[in-house]
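Here are the chains, one letter per residue:
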Protein chains: 2
Amino acid sequence: MPSYQPGSDTRNRLMVAAAEVFAEQGFRHARVSDICERAQANIAAVNYHFGDKENLYLAVVQKLDEESKADAPYMQIDPDASAEQKLHTFVRQFLGVLLRTGPSTWLGKLMAREMMEPTAALDYMIEHVIPPVEGVVRGIVGELLSLPPDSPIVQLCVSSILSQCMIYFDTKEIALRMRPELINPDRSYDPATIAFLAGHITQFSLHGMHAMATVPGPESGT
Amino acid sequence: MPSYQPGSDTRNRLMVAAAEVFAEQGFRHARVSDICERAQANIAAVNYHFGDKENLYLAVVQKLDEESKADAPYMQIDPDASAEQKLHTFVRQFLGVLLRTGPSTWLGKLMAREMMEPTAALDYMIEHVIPPVEGVVRGIVGELLSLPPDSPIVQLCVSSILSQCMIYFDTKEIALRMRPELINPDRSYDPATIAFLAGHITQFSLHGMHAMATVPGPESGT
DNA sequence: ATGAATTTGAAATCGTCATTTGAAAAGGAG
DNA sequence: CTCCTTTTCAAATGACGATTTCAAATTCAT
């Protein structure tokens, strides 16, 4: 019966290597052999330390979540700023995390994959990853609209805002081919581009939201 | 040397079965054996008629694209309607296609997967699938803002609009778990919900866009 | 130091799949 | 009917990859 000492060096190297490989390839395509190679560990190490591949994956998702909570800049918005500024700051920081490269984007990549082919990790994300982010945006939108954060209208606006950020993350492969000048050789977006997109999304959303507090839907077309 | 007669019955059954299996599982996870079983064909049929699995996949993507062009309701907007009505109609029809079940959603599912792990099919989609849809929305937005359809501002607004629609498609697995009451037992969204979302997205976007024609970005926050 | 528990290593196992093979069947032209 | 092409079939083949095995090495407490 293995001991699973959390401090084991090999165990840690496996988690670090696995995070990268899972983020690149997703759970199913990631190869245990590849992970072990990068971790300079034997092929049997995953099964010894984690039982199986899926358990390692779950451990990685939780670790990435904890790490992201430790420093995610979009979660720490200056409470004294105006609601408009809060929104702008959130969007800029959120885009910044999504559109650069490296570990900060890994959890997002895994989440995108979970939506297409859910594993047990999706339940974890629904419980632990999504609510904090939604909560921050609901707070800002609620303040802007003078509505309770859990109002349905606020929820719709939150979806509209987050979707505008996430599309640039989701369509990165397409952007690479259609607008390569926007993307650096290391596959990250240029900070100036990020700032520009953040400005647009903020403006678009601020004006979009003011409509929401009052108006019903338009007349139906064809 | 096989003949690849396009009319072969087995060949057609394979394409129909493959479309469904690929849409469900994606290219890599789809099993040739599974496809052949559903097509009531022998396991060797795919290689005989298409050469290999990827070629079958490409053929399926093209067929789905042609079929979608034949009837996609969001591509046929009444040119005499007001720009506002055009937008509302587009959003409602586009959401309708995305949020129901069945063959009309298959191409979208495959496209979502191509963004995460591109194959040769992504190039086809970038050339043939995306431009027509973007073109329609650019036309509507250009009309609304009195700007040329290829203006950068129009492009930003198109992204904002499409993203708000697609997020409900992309997050369906999450909605299924967080808001099951919105989704029917057959995994489609209720028409009333679709209409409601379309109303929100249209309003939000109409107001968001009017800001765009004039204003620069907001002052920077933290 | 010694013995037990833990960890590592190399090779073997076991499944799953795409693809190939070669023979049989079906179809068509003369 | 008979030769020739096209199509189907069942059974290999061959890769790949997760997991297991068990022996060797290492660590640790006494």
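The model shown is predicted, which means the values in this text are computed figures rather than measured ones. Per chain, residues are indexed from 1 in the order of the written sequence. Chain letters and ligand numbers both follow the written order, the letters beginning at A and the numbers at 1. Two thresholds apply to this predicted model, a pLDDT of at least 70 for residue-level local features and 80 or more for giving and counting side-chain atom pairs, whereas whole-chain, interface and lining totals are computed over all residues. With hydrogens and water stripped out, all remaining heavy atoms of the structure feed into the side-chain values.

1. A look at the overall build of chain A
Formally: Segments assigned H or I by DSSP are reported as helices when at least four residues long, segments assigned E as strands when at least two residues long, and all are numbered from the N terminus. To sort residues, take the accessible area from a 1.4 Å probe on protein chains only and compare it with the maximum for the residue type: under 20% means buried, over 50% means exposed, and anything in between is partly exposed. Residues are treated as being in contact if the distance between any of their heavy atoms lies within 4.5 Å.
Per the secondary structure count, chain A includes 11 helices and 0 strands. Helices and strands appear in chain A in the N-to-C order α-α-α-α-α-α-α-α-α-α-α. The dimensions of chain A, computed from C-alpha atoms along their principal axes, are 65 × 45 × 40 Å. Within the span of chain A, comprising 222 residues, buried residues form 52% of the whole. A separation of at least 24 residues holds for 65% of the contacts in chain A among residues at least 6 apart in sequence.

2. Here's the deal with the nonpolar core
As a reminder, the rule being used: Among buried residues, those of type Ala, Val, Leu, Ile, Met, Phe, Trp, Tyr and Cys that are joined through side-chain atoms within 4.5 Å constitute a nonpolar core.
Phe90 and Met209 of chain A together with Phe90 and Met209 of chain B are the most contacted members of the largest nonpolar core, which totals 84 residues. If we skip the residues at most four places from it in the chain, Met209 of chain A touches Leu87, Val141, Leu144, Leu145, Cys157 and Ile161 of chain A together with Phe204 of chain B.

3. Structural notes on the relation of the copies chain A and chain B
Just so we agree on the cut-off: A residue counts toward the fit only if its pLDDT is at least 70 in both copies, and the copies are then superposed by least squares on the C-alpha atoms of those residues.
In the superposition of chain A on chain B (RMSD 0.0 Å, axial shift 0.0 Å), the rotation amounts to 180°. The two molecules are tied by a two-fold rotation axis, judged by turn and shift. Across chain A, the rotation axis passes nearest the C-alpha of Gly208 of chain A, at a separation of 2.1 Å. A shared interface surface links the copies, since 98% of the contact residues of chain A are contact residues in chain B too.

4. Concerning the environment of Gly26 of chain A
Residue and element names in this part refer to chain A. Within the fold, Gly26 resides in helix 1 (residues 9-29). With 18 residues separating them along the chain, Gly26 and Ser8 place their C-alpha atoms 25 Å apart. In contact with Gly26, other than residues within four places in its own chain, are Val21 and Arg113.

5. Comments concerning the interface of chain A and chain B
Frequently, the measure chosen for interface size is the accessible area that the parts lose on association. Worth spelling out the cut-off: Using a 1.4 Å probe, buried area is obtained as the accessible area two parts lose upon being combined, added over both of them. The term salt bridge refers to a pairing of a side-chain nitrogen on Lys or Arg with a carboxyl oxygen on Asp or Glu at a separation within 4 Å. Pairing of N or O atoms within 3.5 Å defines a polar contact, subject to two protein rules: one partner must be a possible hydrogen donor and the other a possible acceptor, and residues neighboring in sequence count only if both atoms are side-chain atoms.
Contacts between the two partners involve 58 residues from chain A, matched on the other side by 57 residues from chain B. Three residues stand out in chain A for area buried against chain B, namely His29, Met116 and Phe204 of chain A, and they jointly supply 13% of the buried area on that side. Remark: the boundary between chain A and chain B carries 4 salt bridges. Linking Glu117 of chain B and Arg113 of chain A is a salt bridge whose minimum nitrogen-to-oxygen distance equals 3.0 Å. The tally of links between chain A and chain B comes to 14 residue pairs in polar contact (both at pLDDT 80 or more). Contributions of two or more residues to the side of chain A that touches chain B are made by helix 1, helix 5 (83-99), helix 6 (106-116), helix 7 (120-128), helix 9 (152-170), helix 10 (172-178) and helix 11 (191-212) of chain A. When residues in the side of chain A that touches chain B are grouped by element, the largest group, 13 residues, is from helix 11 of chain A.

6. Remarks on helix 4 (residues 53-71) of chain B
All names here are of chain B. As a reminder, the rule being used: By definition here, a helix of n residues has an expected span of 1.5 Å times n minus one.
Compared with the 27 Å implied by 1.5 Å per residue over 19 residues, the 28 Å span of helix 4 between its first and last C-alpha is a close match. By the burial criterion, the buried members of helix 4 are Lys53, Leu56, Tyr57, Ala59, Val60, Val61, Leu64 and Asp65. On its buried face, helix 4 is in contact with helix 1 (9-29), helix 2 (32-38), helix 3 (45-50), helix 6 (106-116) and helix 7 (120-145).

7. Brief notes about the packing of helix 4 (residues 53-71) of chain A against helix 7 of chain A
All names here are of chain A. What counts, and what does not: Convention adopted: a line fitted to C-alpha atoms gives each axis, helices being fitted over their contacting stretch, and angles between N-to-C directions are expressed from 0 to 180 degrees. Angles below 35 degrees are treated as roughly parallel, those above 145 as roughly antiparallel, those between 65 and 115 as roughly perpendicular, and all remaining angles as oblique. When the near helix sits turned anticlockwise from the far one by under a right angle, the crossing is termed left-handed; a clockwise turn instead gives a right-handed crossing. Side-chain classes follow a simple rule in which Ala, Val, Leu, Ile, Met, Phe, Trp, Tyr, Cys and Pro form the nonpolar group, Asp, Glu, Lys and Arg form the charged group, and the remainder, Gly included, forms the polar group.
Direction vectors running N to C along helix 4 and helix 7 enclose 20°, while the axes themselves pass 10 Å from each other. Taken together, the axis directions place helix 4 and helix 7 in an arrangement best described as roughly parallel. Our pair here, helix 4 against helix 7, has a crossing hand that is right-handed. Where helix 4 approaches helix 7, its residues Glu54, Tyr57, Leu58, Val61, Gln62, Asp65 and Lys69 are matched on the opposing element by Ala120, Ala121, Tyr124, Met125 and His128. Grouping the amino acids of the contact of helix 4 with helix 7 by side-chain chemistry returns 7 nonpolar, 2 polar and 3 charged.

8. Details of the packing of aromatic side chains
All names here are of chain A. Going by this rule: Aromatic rings from Phe, Tyr and Trp, taking only the six-membered ring of Trp, are treated as a pair when their centres fall within 6.5 Å; an angle between ring planes under 30 degrees marks them as stacked, one over 60 as edge-to-face, and anything in between as tilted. Only Lys NZ and Arg CZ are tested; either one counts as a charge over a ring when it is within 6 Å of the ring centre and within 35 degrees of the ring normal.
For the structure shown, the criterion picks out 13 aromatic pairs over all chains. Judged by centre distance (6.0 Å) and plane angle (85°), the ring pair of Tyr74 and Phe90 falls under edge-to-face. In this pair, Tyr74 sits in the loop between helix 4 and helix 5 while Phe90 sits in helix 5, placing the two residues 16 residues apart along the sequence. Using a relative accessible area of 10% as the deciding quantity, one classes Tyr74 as buried. In textbook terms, an aromatic cluster arises when at least three aromatic residues are bridged by ring pairs, as seen for Phe22, Phe27 and Tyr57. Positioned over the ring face of Phe27 is Lys53, at 4.9 Å from the centre of the ring.

9. Side note on the packing of helix 8 (residues 130-145) of chain A against helix 9 of chain A
All names here are of chain A. One can describe the packing of helix 8 onto helix 9 by two numbers: an axis separation of 9 Å at closest approach and a directional angle of 115°. Two packed elements cross with a definite hand, and for helix 8 against helix 9 that hand is right-handed. Packed against helix 8, whose contacting residues are Val133, Glu134, Val137, Arg138, Val141, Gly142 and Leu145, the element helix 9 presents Ile153, Val154, Gln155, Cys157, Val158, Ile161 and Leu162 at the interface.

10. Remarks on the confidence of the model for chain A
Definition in use: As a per-residue measure, pLDDT reflects the predictor's confidence and takes values from 0 up to 100.
Across chain A, pLDDT averages 93, with 92% of residues at or above 70. Confidence drops under pLDDT 50 across residues 215-222 of chain A; counting only partners more than four residues distant or on other chains, this segment forms 19 contacts.

11. A closer look at the environment of Ala59 of chain A
Residues and elements named next belong to chain A. Along the chain, the position of Ala59 falls in helix 4. Between the alpha carbons of Ala59 and Ala121 there is a distance of 9.4 Å; along the sequence they are 62 residues apart. Leave out the neighbours within four places in its chain, and Ala59 touches Met15 and Phe50.

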